[in-house]
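Inside the fold
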Amino acid sequence: MTSESHGQLAVVTGATGGLGSQFCRQLAERHYSLLLVDRHEEALTALASQLHRDYGVSAETWCANLADQDAVCELADRLSTLSELTMLVNNAGFGQSKFFVDIDVGNHLDMINLHVHTPVRLSHAVLPGMLARNQGAIINVSSLSAWTPCAGIVQYSATKQFLVTFSEAVSEELRGTRVTIQALCPGFVETSFFAVDSMKAFDKKRVPRFLWVAPEEVVRYSLNHLEQPVAVPGLACRILGRLMRMPVARPFVRRLARNERHPTPGDDCQSG
Ligand SMILES: NC(=O)c1ccc[n+]([C@@H]2O[C@H](COP(=O)([O-])OP(=O)(O)OC[C@H]3O[C@@H](n4cnc5c(N)ncnc54)[C@H](OP(=O)(O)O)[C@@H]3O)[C@@H](O)[C@H]2O)c1
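No experiment lies behind these values; they were computed from the predicted model shown. (Residues numbered from 1 in each chain as written. Predicted model: local features only at pLDDT ≥ 70, side-chain atom pairs only at ≥ 80, totals over all residues. Heavy atoms only, no water.)

We now examine the site of the ligand. In the vicinity of the ligand lie 30 residues, with Asp38, Arg39, Tyr156, Thr191 and Ser192 positioned nearest. A distance of 2.7 Å is found between an oxygen atom of the ligand and a side-chain nitrogen or oxygen belonging to Arg39. Contact with the protein chains removes 94% of the 890 Å² of surface that the ligand exposes when unbound. Secondary structure elements with two or more residues in the shell around the ligand: α1 (18–29) and α5 (154–173). A breakdown of the residues in the shell around the ligand according to their chemical character gives 13 nonpolar, 14 polar and 3 charged. (Near = heavy atom within 4 Å. Polar contact = N/O pair within 3.5 Å; in protein donor to acceptor, adjacent residues only side chain to side chain. Areas by Shrake-Rupley, 256 points an atom, 1.4 Å probe, with all protein chains shown as cover. Helix = DSSP H or I, 4+ residues; strand = E, 2+ residues; numbered from the N terminus. Nonpolar A, V, L, I, M, F, W, Y, C, P; charged D, E, K, R; others polar.)

See below:
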(Lines give C-alpha, C1' and ligand atoms only; values in the text may rest on other atoms or scores of the structure.)
Protein backbone atom coordinates (compact mmCIF):
# COMPACT_ATOMS: atom_id res chain seq x y z
CA MET A 1 0.00 0.00 0.00
CA THR A 2 1.34 3.49 -0.85
CA SER A 3 1.38 6.46 1.53
CA GLU A 4 -1.23 8.15 -0.77
CA SER A 5 -3.77 5.38 -0.05
CA HIS A 6 -4.84 6.86 3.32
CA GLY A 7 -4.86 3.30 4.68
CA GLN A 8 -7.96 2.25 2.75
CA LEU A 9 -8.11 -0.85 0.60
CA ALA A 10 -10.85 -1.73 -1.91
CA VAL A 11 -11.44 -5.15 -3.46
CA VAL A 12 -13.16 -5.15 -6.85
CA THR A 13 -14.30 -8.36 -8.57
CA GLY A 14 -14.72 -8.40 -12.34
CA ALA A 15 -12.10 -5.64 -12.13
CA THR A 16 -11.04 -5.60 -15.78
CA GLY A 17 -14.58 -5.33 -17.20
CA GLY A 18 -16.47 -2.16 -18.12
CA LEU A 19 -17.96 -1.28 -14.73
CA GLY A 20 -15.19 -3.01 -12.75
CA SER A 21 -12.37 -0.98 -14.30
CA GLN A 22 -14.43 2.21 -13.79
CA PHE A 23 -14.83 1.32 -10.10
CA CYS A 24 -11.06 0.82 -9.90
CA ARG A 25 -10.34 4.22 -11.49
CA GLN A 26 -12.78 6.16 -9.33
CA LEU A 27 -11.62 4.39 -6.16
CA ALA A 28 -7.99 5.11 -7.08
CA GLU A 29 -8.96 8.78 -7.56
CA ARG A 30 -10.31 8.62 -4.01
CA HIS A 31 -6.90 7.29 -2.84
CA TYR A 32 -7.88 3.68 -2.20
CA SER A 33 -5.26 1.04 -2.81
CA LEU A 34 -6.76 -1.87 -4.70
CA LEU A 35 -6.98 -5.62 -4.90
CA LEU A 36 -8.15 -6.45 -8.42
CA VAL A 37 -9.93 -9.77 -8.87
CA ASP A 38 -10.73 -11.27 -12.27
CA ARG A 39 -9.93 -14.39 -14.25
CA HIS A 40 -7.40 -13.14 -16.85
CA GLU A 41 -3.90 -12.63 -15.47
CA GLU A 42 -2.67 -10.49 -18.37
CA ALA A 43 -5.58 -8.05 -18.26
CA LEU A 44 -5.25 -7.81 -14.46
CA THR A 45 -1.55 -7.00 -14.62
CA ALA A 46 -2.09 -4.39 -17.34
CA LEU A 47 -4.84 -2.68 -15.29
CA ALA A 48 -2.76 -2.76 -12.11
CA SER A 49 0.17 -1.01 -13.84
CA GLN A 50 -2.18 1.56 -15.42
CA LEU A 51 -3.70 2.39 -12.03
CA HIS A 52 -0.30 2.70 -10.42
CA ARG A 53 0.97 4.91 -13.27
CA ASP A 54 -2.15 7.15 -13.48
CA TYR A 55 -3.02 7.50 -9.79
CA GLY A 56 0.09 6.46 -7.86
CA VAL A 57 -1.87 3.86 -5.85
CA SER A 58 -0.78 0.31 -5.21
CA ALA A 59 -2.84 -2.29 -7.04
CA GLU A 60 -2.41 -6.00 -6.42
CA THR A 61 -4.04 -8.74 -8.48
CA TRP A 62 -5.85 -11.97 -7.69
CA CYS A 63 -6.68 -14.26 -10.58
CA ALA A 64 -9.63 -16.61 -10.01
CA ASN A 65 -12.73 -18.02 -11.62
CA LEU A 66 -15.37 -16.78 -9.17
CA ALA A 67 -17.91 -19.34 -10.31
CA ASP A 68 -15.62 -21.93 -8.69
CA GLN A 69 -16.46 -22.01 -4.98
CA ASP A 70 -13.11 -23.53 -3.95
CA ALA A 71 -11.38 -20.56 -5.54
CA VAL A 72 -13.85 -18.22 -3.83
CA CYS A 73 -13.14 -19.82 -0.41
CA GLU A 74 -9.42 -19.11 -0.89
CA LEU A 75 -10.16 -15.49 -1.75
CA ALA A 76 -12.56 -15.17 1.22
CA ASP A 77 -9.85 -16.47 3.58
CA ARG A 78 -7.42 -13.88 2.26
CA LEU A 79 -9.95 -11.03 2.53
CA SER A 80 -10.79 -11.89 6.12
CA THR A 81 -7.16 -11.14 7.07
CA LEU A 82 -6.89 -7.69 5.44
CA SER A 83 -7.14 -5.18 8.27
CA GLU A 84 -7.23 -2.11 5.99
CA LEU A 85 -10.10 -3.44 3.82
CA THR A 86 -12.87 -0.82 3.76
CA MET A 87 -14.62 -1.52 0.45
CA LEU A 88 -15.77 -4.67 -1.32
CA VAL A 89 -17.34 -4.39 -4.77
CA ASN A 90 -19.04 -7.64 -5.82
CA ASN A 91 -19.22 -6.74 -9.49
CA ALA A 92 -18.26 -9.83 -11.54
CA GLY A 93 -21.21 -11.07 -13.54
CA PHE A 94 -22.52 -12.02 -16.94
CA GLY A 95 -25.82 -12.06 -18.80
CA GLN A 96 -28.02 -14.61 -20.52
CA SER A 97 -30.51 -13.94 -23.28
CA LYS A 98 -32.27 -17.21 -24.03
CA PHE A 99 -35.13 -19.22 -22.63
CA PHE A 100 -34.41 -21.21 -19.46
CA VAL A 101 -34.69 -24.61 -21.17
CA ASP A 102 -32.39 -23.62 -24.03
CA ILE A 103 -29.45 -22.82 -21.76
CA ASP A 104 -27.08 -25.49 -20.48
CA VAL A 105 -27.77 -26.16 -16.78
CA GLY A 106 -24.06 -25.64 -16.04
CA ASN A 107 -24.39 -22.06 -17.24
CA HIS A 108 -27.33 -21.51 -14.87
CA LEU A 109 -25.33 -22.91 -11.97
CA ASP A 110 -22.30 -20.77 -12.86
CA MET A 111 -24.56 -17.75 -12.75
CA ILE A 112 -26.01 -18.70 -9.36
CA ASN A 113 -22.49 -19.25 -8.04
CA LEU A 114 -21.14 -15.99 -9.42
CA HIS A 115 -24.10 -13.72 -8.63
CA VAL A 116 -25.27 -15.32 -5.36
CA HIS A 117 -22.81 -17.66 -3.62
CA THR A 118 -19.73 -15.53 -4.28
CA PRO A 119 -21.11 -12.19 -2.98
CA VAL A 120 -22.55 -13.99 0.08
CA ARG A 121 -19.26 -15.71 0.88
CA LEU A 122 -17.12 -12.61 0.32
CA SER A 123 -19.50 -10.34 2.27
CA HIS A 124 -19.51 -12.83 5.14
CA ALA A 125 -15.69 -12.85 5.11
CA VAL A 126 -15.24 -9.07 5.24
CA LEU A 127 -18.11 -7.92 7.48
CA PRO A 128 -16.63 -9.01 10.85
CA GLY A 129 -13.50 -6.91 10.24
CA MET A 130 -15.51 -3.93 8.98
CA LEU A 131 -17.80 -4.11 12.03
CA ALA A 132 -14.88 -4.43 14.42
CA ARG A 133 -13.36 -1.26 12.89
CA ASN A 134 -16.84 0.31 12.50
CA GLN A 135 -16.00 1.37 8.96
CA GLY A 136 -16.64 -0.06 5.52
CA ALA A 137 -18.92 -0.50 2.52
CA ILE A 138 -20.05 -3.39 0.36
CA ILE A 139 -21.47 -2.81 -3.11
CA ASN A 140 -23.32 -5.68 -4.77
CA VAL A 141 -23.78 -4.97 -8.46
CA SER A 142 -27.34 -6.01 -9.24
CA SER A 143 -29.47 -4.65 -12.09
CA LEU A 144 -32.80 -3.05 -12.96
CA SER A 145 -33.53 -6.58 -14.26
CA ALA A 146 -34.07 -7.52 -10.60
CA TRP A 147 -37.61 -6.19 -11.15
CA THR A 148 -38.23 -7.79 -14.55
CA PRO A 149 -38.95 -11.45 -13.91
CA CYS A 150 -39.64 -12.13 -17.57
CA ALA A 151 -39.01 -14.46 -20.50
CA GLY A 152 -35.44 -14.83 -21.71
CA ILE A 153 -33.64 -13.55 -18.59
CA VAL A 154 -34.92 -16.00 -16.00
CA GLN A 155 -31.74 -16.72 -14.04
CA TYR A 156 -30.28 -13.25 -14.48
CA SER A 157 -33.39 -11.61 -13.09
CA ALA A 158 -33.67 -14.14 -10.23
CA THR A 159 -30.05 -13.81 -9.11
CA LYS A 160 -30.07 -10.02 -9.36
CA GLN A 161 -33.28 -9.91 -7.27
CA PHE A 162 -31.49 -12.01 -4.65
CA LEU A 163 -28.79 -9.34 -4.41
CA VAL A 164 -31.41 -6.63 -3.81
CA THR A 165 -33.20 -8.53 -1.04
CA PHE A 166 -29.90 -9.65 0.51
CA SER A 167 -28.47 -6.12 0.53
CA GLU A 168 -31.66 -4.51 1.86
CA ALA A 169 -31.94 -7.07 4.68
CA VAL A 170 -28.26 -6.92 5.69
CA SER A 171 -28.43 -3.12 5.68
CA GLU A 172 -31.17 -3.40 8.33
CA GLU A 173 -28.75 -5.42 10.46
CA LEU A 174 -26.07 -2.76 9.98
CA ARG A 175 -28.24 0.09 11.30
CA GLY A 176 -26.40 2.17 13.90
CA THR A 177 -22.98 1.23 12.53
CA ARG A 178 -20.73 3.01 10.02
CA VAL A 179 -20.77 -0.03 7.74
CA THR A 180 -23.04 0.08 4.68
CA ILE A 181 -24.21 -2.34 2.02
CA GLN A 182 -25.73 -1.37 -1.31
CA ALA A 183 -27.39 -3.17 -4.20
CA LEU A 184 -26.43 -1.14 -7.26
CA CYS A 185 -29.09 -1.48 -9.96
CA PRO A 186 -28.01 0.02 -13.28
CA GLY A 187 -30.21 0.06 -16.37
CA PHE A 188 -28.19 -0.48 -19.54
CA VAL A 189 -24.47 0.29 -19.65
CA GLU A 190 -22.27 0.10 -22.76
CA THR A 191 -19.65 -2.51 -21.76
CA SER A 192 -18.41 -5.87 -23.01
CA PHE A 193 -21.40 -7.39 -21.14
CA PHE A 194 -23.28 -7.61 -24.47
CA ALA A 195 -20.36 -9.11 -26.39
CA VAL A 196 -20.29 -12.52 -24.66
CA ASP A 197 -21.75 -15.65 -26.29
CA SER A 198 -24.63 -15.94 -23.85
CA MET A 199 -25.86 -12.43 -24.83
CA LYS A 200 -25.68 -12.92 -28.62
CA ALA A 201 -29.46 -13.15 -28.98
CA PHE A 202 -30.01 -9.83 -27.20
CA ASP A 203 -30.97 -6.97 -29.50
CA LYS A 204 -29.56 -3.75 -28.03
CA LYS A 205 -31.50 -1.66 -30.56
CA ARG A 206 -34.71 -2.52 -28.69
CA VAL A 207 -33.54 -0.53 -25.68
CA PRO A 208 -34.57 3.15 -25.68
CA ARG A 209 -31.63 5.58 -25.51
CA PHE A 210 -32.78 7.10 -22.21
CA LEU A 211 -32.21 3.80 -20.38
CA TRP A 212 -28.47 3.79 -21.23
CA VAL A 213 -26.21 5.23 -18.55
CA ALA A 214 -22.46 5.83 -18.92
CA PRO A 215 -20.21 3.57 -16.77
CA GLU A 216 -18.64 6.70 -15.20
CA GLU A 217 -22.06 7.92 -14.07
CA VAL A 218 -23.11 4.50 -12.72
CA VAL A 219 -20.00 4.24 -10.56
CA ARG A 220 -20.03 7.88 -9.42
CA TYR A 221 -23.67 7.54 -8.35
CA SER A 222 -22.90 4.34 -6.45
CA LEU A 223 -19.90 5.74 -4.58
CA ASN A 224 -21.68 9.01 -3.78
CA HIS A 225 -24.72 7.19 -2.36
CA LEU A 226 -23.19 4.41 -0.28
CA GLU A 227 -25.85 5.00 2.37
CA GLN A 228 -28.60 3.84 -0.07
CA PRO A 229 -29.35 0.09 0.28
CA VAL A 230 -30.72 0.16 -3.28
CA ALA A 231 -29.10 2.62 -5.69
CA VAL A 232 -30.40 3.20 -9.22
CA PRO A 233 -28.19 5.51 -11.32
CA GLY A 234 -29.81 7.75 -13.96
CA LEU A 235 -33.05 9.71 -13.50
CA ALA A 236 -35.00 7.79 -16.17
CA CYS A 237 -33.91 4.45 -14.68
CA ARG A 238 -34.86 5.63 -11.19
CA ILE A 239 -38.37 6.55 -12.35
CA LEU A 240 -38.71 3.29 -14.26
CA GLY A 241 -37.36 1.34 -11.28
CA ARG A 242 -40.08 2.84 -9.07
CA LEU A 243 -42.78 1.96 -11.61
CA MET A 244 -41.46 -1.59 -12.02
CA ARG A 245 -41.85 -2.17 -8.29
CA MET A 246 -45.58 -1.36 -8.42
CA PRO A 247 -47.66 -4.55 -8.71
CA VAL A 248 -50.03 -2.84 -11.17
CA ALA A 249 -47.15 -2.21 -13.62
CA ARG A 250 -45.82 -5.77 -13.57
CA PRO A 251 -47.78 -7.18 -16.54
CA PHE A 252 -46.63 -4.25 -18.75
CA VAL A 253 -43.03 -4.60 -17.63
CA ARG A 254 -43.08 -8.32 -18.36
CA ARG A 255 -44.48 -7.74 -21.84
CA LEU A 256 -42.07 -4.93 -22.69
CA ALA A 257 -38.94 -6.66 -21.38
CA ARG A 258 -39.87 -10.05 -22.83
CA ASN A 259 -37.28 -11.70 -25.12
CA GLU A 260 -38.47 -13.99 -27.91
CA ARG A 261 -37.32 -17.60 -28.05
CA HIS A 262 -34.14 -18.12 -30.13
CA PRO A 263 -33.17 -21.76 -29.65
CA THR A 264 -29.95 -22.60 -31.45
CA PRO A 265 -29.47 -26.37 -31.56
CA GLY A 266 -26.11 -27.41 -30.16
CA ASP A 267 -25.22 -23.85 -29.16
CA ASP A 268 -25.02 -24.04 -25.37
CA CYS A 269 -24.26 -20.76 -23.65
CA GLN A 270 -20.88 -20.24 -22.05
CA SER A 271 -20.51 -17.91 -19.11
CA GLY A 272 -19.24 -14.45 -20.08
N1 LIG B 1 -23.68 -3.67 -18.80
C2 LIG B 1 -24.94 -3.57 -18.38
O3 LIG B 1 -25.86 -3.12 -19.12
C4 LIG B 1 -25.29 -3.97 -16.97
C5 LIG B 1 -26.52 -3.56 -16.46
C6 LIG B 1 -26.88 -3.92 -15.16
C7 LIG B 1 -26.00 -4.65 -14.39
N8 LIG B 1 -24.79 -5.05 -14.91
C9 LIG B 1 -23.92 -5.84 -14.05
O10 LIG B 1 -22.68 -5.14 -13.93
C11 LIG B 1 -21.65 -6.07 -13.59
C12 LIG B 1 -20.43 -5.77 -14.44
O13 LIG B 1 -20.77 -6.01 -15.80
P14 LIG B 1 -20.17 -5.14 -17.01
O15 LIG B 1 -21.31 -4.46 -17.66
O16 LIG B 1 -19.01 -4.35 -16.57
O17 LIG B 1 -19.74 -6.33 -17.99
P18 LIG B 1 -18.27 -6.81 -18.43
O19 LIG B 1 -17.55 -5.66 -19.08
O20 LIG B 1 -18.50 -8.04 -19.24
O21 LIG B 1 -17.56 -7.15 -17.05
C22 LIG B 1 -17.85 -8.30 -16.30
C23 LIG B 1 -16.59 -8.73 -15.59
O24 LIG B 1 -16.89 -9.88 -14.78
C25 LIG B 1 -15.91 -10.86 -15.04
N26 LIG B 1 -16.37 -12.23 -14.84
C27 LIG B 1 -17.39 -12.87 -15.48
N28 LIG B 1 -17.46 -14.15 -15.07
C29 LIG B 1 -16.46 -14.31 -14.16
C30 LIG B 1 -16.02 -15.41 -13.39
N31 LIG B 1 -16.60 -16.61 -13.47
N32 LIG B 1 -14.96 -15.24 -12.55
C33 LIG B 1 -14.35 -14.03 -12.46
N34 LIG B 1 -14.72 -12.96 -13.17
C35 LIG B 1 -15.76 -13.10 -14.02
C36 LIG B 1 -15.58 -10.66 -16.50
O37 LIG B 1 -14.38 -11.31 -16.84
P38 LIG B 1 -14.19 -11.95 -18.32
O39 LIG B 1 -13.71 -10.82 -19.16
O40 LIG B 1 -13.22 -13.03 -18.09
O41 LIG B 1 -15.53 -12.47 -18.76
C42 LIG B 1 -15.51 -9.15 -16.58
O43 LIG B 1 -14.28 -8.65 -16.16
C44 LIG B 1 -22.25 -7.46 -13.79
O45 LIG B 1 -22.57 -8.02 -12.53
C46 LIG B 1 -23.52 -7.20 -14.60
O47 LIG B 1 -24.51 -8.17 -14.34
C48 LIG B 1 -24.43 -4.72 -16.18
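After presenting the structure, the write-up continues.
Let us now look at the environment of Thr177. Along the polypeptide, Thr177 turns up in the loop between α5 and β6 (179–184). Taking the C-alpha atoms as reference, Thr177 lies 40 Å from Met199; in sequence the two are 22 residues apart. Those residues in contact with Thr177 that lie beyond four places of it in its chain are Leu131 and Asn134. A distance of 2.7 Å separates a polar atom in the side chain of Thr177 from the backbone oxygen of Leu174. (Contact = heavy atoms within 4.5 Å.)

The grouping of Asp68, Asp70, Glu74 and Asp77 at the surface amounts to a negative patch. Take Asp68: it is sitting in the loop between β3 (59–63) and α3 (69–79). (Patch = residues over 30% accessible without salt bridge, like charges linked within 9 Å, V, L, I, M, F, W, Y side chains within 5 Å. Salt bridge = Lys/Arg side-chain N within 4 Å of Asp/Glu carboxyl O. Lys, Arg positive; Asp, Glu negative; His and termini not counted. Charge placed at Lys NZ, Arg CZ, Asp CG, Glu CD.)

On to the pairing of β3, then. Where strand β2 (residues 33–38) meets β3, 5 bridges bridge the pair, whose relative direction is parallel. Among the inter-strand pairings, Leu35 is bridged to a residue of β3, identified as Glu60. With respect to chirality, the unit in which β2 leads through helix α2 (residues 41–55) into the neighbouring parallel β3 is right-handed. (Pairing = 2+ DSSP bridges. Right-handed = clockwise from strand over helix to strand, strands pointing away.)

On to the packing of aromatic side chains, then. How two aromatic rings sit relative to each other is given by the distance of their centres and the angle of their planes. One pass over the full model with this rule turns up 7 aromatic pairs. Measuring from ring centre to ring centre gives 5.5 Å for Phe188 and Trp212, while their planes differ by 45 degrees; the resulting arrangement is tilted. One end of the pair, Phe188, is in the loop between β6 and α6 (215–224); the other, Trp212, is in the loop between β6 and α6, with 24 residues separating them in the sequence. Here the aromatic rings of Phe193 and Phe194 are separated by 5.1 Å at their centres, their planes lie at 80 degrees, and the arrangement is edge-to-face. (Phe/Tyr/Trp six-rings, centres within 6.5 Å; stacked < 30°, edge-to-face > 60°.)

A separate point is the sheet that holds β2. Backbone-to-backbone hydrogen bonds pair the strands of a sheet. The strands run either parallel or antiparallel. On the basis of which strands lie adjacent, the open sheet formed by 7 strands has the order β3-β2-β1-β4-β5-β6-β7 and parallel pairing. Each edge of the open sheet carries a strand with a single partner, namely β3 and β7 (230–231). Strands β1 (9–13), β4 (85–90), β5 (136–141) and β6 of the sheet are contacted by helix α4 (residues 105–133), whose axis makes an angle of about 160 degrees with β4. Across the sheet, α5 lies against β5, β6 and β7, angled at about 160 degrees from β6, the strand it touches most. (Axes fitted to C-alpha atoms, helices over the stretch in contact; angles between N-to-C directions.)

Together, Leu235, Ile239, Leu243, Met246 and Val248 make up an exposed nonpolar region whose accessible area comes to about 490 Å². Relative to the assigned elements, Met246 resides in the loop between α7 (235–244) and α8 (250–257).

To continue, consider the nonpolar core. Judged by nonpolar contacts, the single largest core of 49 residues is most densely connected at Phe23, Leu27, Leu34, Leu36, Leu51 and Met87. Residue contributions to this core peak at 5 residues, all from α1. (Core = buried A, V, L, I, M, F, W, Y, C linked by side-chain atoms within 4.5 Å. Buried < 20%, exposed > 50% of the residue type's maximum accessible area, 1.4 Å probe, protein only.)

Attention now goes to the packing of α3 against α4. Here α3 crosses α4 at 25 degrees, and the two axes come no closer than 8 Å. With respect to α4, the axis of α3 lies roughly parallel. The element α3 and its partner α4 pack so that their crossing is right-handed. Seen from α3, the contacting residues are Gln69, Val72, Cys73, Leu75, Ala76 and Leu79; seen from α4, they are Asn113, His117, Thr118, Arg121, Leu122, Ala125 and Val126. (Parallel < 35°, antiparallel > 145°, perpendicular 65-115°, else oblique. Left-handed = near helix turned anticlockwise from the far one by under 90°.)

That is the geometry; function is a separate question.
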